[in-house]
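Residue strings, one per chain:
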Amino acid sequence: VIVFFLVLLGTFFDLFDGLLSRLLKVESNFGIQFDSMADLITCGMVPGIVMYNLLARTDIQGRNFILKLFENEFNMSFVPLGFIGFLITLATSIRLAKFNIDKASRNEFKGLPSPVNALFIVSLPILIENPLLIDFRYLIESQPTLLAIIIISCILMNINIPFFSLKSISFKNERLKILVLFILSIPLFSKFYFASFPIIILTYILLNLLVIIGRKLGLSLKFEQYD
């Protein structure tokens, strides 16, 4: 729970640091790169560690070894399967690098934003421990499910499809999407509290996919008429 709140705090600052730098007119290339380095830790390394621990809980075949250093012995253990979780860290670093060199408009991201993916991953333990979802616990924390989450999250972060940004509320053609997501999130949060974050993020992904399918089918969603 502490890890979740720290990542949530980190994403909150990430949401407003760019806005504040623009208001103060102190934007710089150094700031962009430094911001990405911070994001790599908050949104890449931390979710990788969380996923490592989730996978470690499913594999009792851990490895133990003794490290001898200056006549001292250190007993250490690790779970080889768990290191697959750090694919999230690798995919996040690729995602952030691509974002930094993308000169396109920032009101729509290409690929799932790394803070959103990070919140999904670090809130999984809260979802697993929620008493209202106890019947689904073993399904969620099973190895196939966790491995599927890793693969899908890595793909979604780097896929070349647009995802609307929660920072873009100032863009009138994005307001309705954000409003719909907010309305759908209210009953979920009131029911499951912080365990609702994975479900809300899945709703965000589904909403994006519905918009993309609508565009492909030629269905023009007139979001811009809502000012």
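This is a predicted model, so every value here is computed, not measured.

**Q** I would appreciate a short explanation of the overall build of the protein in the present structure.
**A** In terms of helices and strands, the protein carries nine helices and four strands. The order of α-helices and β-strands along the protein, N terminus first, is α-α-β-β-α-β-α-α-α-α-β-α-α. Classification of the 227 residues of the protein by burial places 37% in the buried group. In the protein, the proportion of contacts linking residues at least 24 apart, taken out of those at least 6 apart, comes to 73%. Accessible area of the protein: about 14,000 Å², with a carbon and sulfur share of 71%.

**Q** Which parts of the structure should I look at to understand the nonpolar core?
**A** Soluble, globular proteins show a tendency: their nonpolar side chains are buried together. Counting 41 residues, the largest nonpolar core has M51, L112, I121, L124 and Y204 as the members making the most contacts within it. If we ignore the near neighbours within four places in the chain, the residues touching L124 are M51, L54, I149 and P198.

**Q** Quick question: what am I supposed to make of the pattern of salt bridges here?
**A** Any two side chains of opposite charge can pair, on the condition that their charged atoms come close. For the structure on display, the rule yields four salt bridges. For R57, the salt bridge identified is with E141, shortest N-O distance 3.1 Å. Note that R57 is positioned in helix 2 (residues 29-58) and E141 in the loop between helix 6 (137-140) and helix 7 (143-158), a separation of 84 residues in sequence. Take R57: its relative accessible area is 45%, and that puts it in the partly exposed class. What you see here is one network of salt bridges that share partners, running through R57, E129, R137 and E141.

**Q** What should I look at first to understand helix 7 in this one?
**A** An α-helical turn contains 3.6 residues, so any two residues separated by three or four positions project in the same direction. In this model, helix 7 (16 residues) spans 23 Å end to end at C-alpha, consistent with the 22 Å of a helix rising 1.5 Å per residue. Every buried residue belonging to helix 7 is among L146, I149, I150, S153, C154, L156 and M157, and all of these are buried. Buried residues in helix 7, looked at end-on, bunch into an arc of 170°, giving them a common side. Set apart from the buried face of helix 7 by more than 90 degrees, the exposed residues are P144 and I151.

**Q** Help me out: how do you make sense of the packing of helix 3 (residues 87-101) against helix 7 in this one?
**A** In a pair of packed helices, the angle between the axes and the distance between the axes together describe the arrangement. One way to put it is that helix 3 packs onto helix 7 with a least axis distance of 9 Å and a crossing angle of 5°. One element, helix 3, and the other, helix 7, form an angle in the roughly parallel class. In this structure, helix 3 uses L87, I88, A91, T92, I94, R95 and K98 to contact helix 7, whose residues at the interface are I150, S153, C154, M157 and N158. Here the residues of the contact of helix 3 with helix 7 sort into seven nonpolar, three polar and two charged.

**Q** Explain the packing of aromatic side chains to me, please; I cannot follow it from the model alone.
**A** How two aromatic rings sit relative to each other is given by the distance of their centres and the angle of their planes. Per the counting criterion, the structure on display carries twelve aromatic pairs. Ring centres of F4 and F5 lie 5.4 Å apart, and the angle between their planes is 70°; this geometry places the pair in the edge-to-face category. A ring pair is formed by F163 and Y204, whose centres lie 6.1 Å apart and whose planes are at 40°; its orientation type is tilted. One end of the pair, F163, is in strand 4 (residues 162-164); the other, Y204, is in helix 9 (residues 197-216), with 41 residues separating them in the sequence. One aromatic cluster in this structure is built from F4, F5, F189, Y193, F194 and F197.

Each value, and the rule that gives it
- Residues numbered from 1 in each chain as written.
- Predicted model: local features only at pLDDT ≥ 70, side-chain atom pairs only at ≥ 80, totals over all residues.
- Heavy atoms only, no water.
- Helix = DSSP H or I, 4+ residues; strand = E, 2+ residues; numbered from the N terminus.
- Buried < 20%, exposed > 50% of the residue type's maximum accessible area, 1.4 Å probe, protein only.
- Contact = heavy atoms within 4.5 Å.
- Areas by Shrake-Rupley, 256 points an atom, 1.4 Å probe, with all protein chains shown as cover.
- Core = buried A, V, L, I, M, F, W, Y, C linked by side-chain atoms within 4.5 Å.
- Salt bridge = Lys/Arg side-chain N within 4 Å of Asp/Glu carboxyl O.
- Expected span 1.5 Å × (residues − 1).
- Arc of directions from axis to C-beta.
- Axes fitted to C-alpha atoms, helices over the stretch in contact; angles between N-to-C directions.
- Parallel < 35°, antiparallel > 145°, perpendicular 65-115°, else oblique.
- Nonpolar A, V, L, I, M, F, W, Y, C, P; charged D, E, K, R; others polar.
- Phe/Tyr/Trp six-rings, centres within 6.5 Å; stacked < 30°, edge-to-face > 60°.

This is a description of form; function is not addressed.
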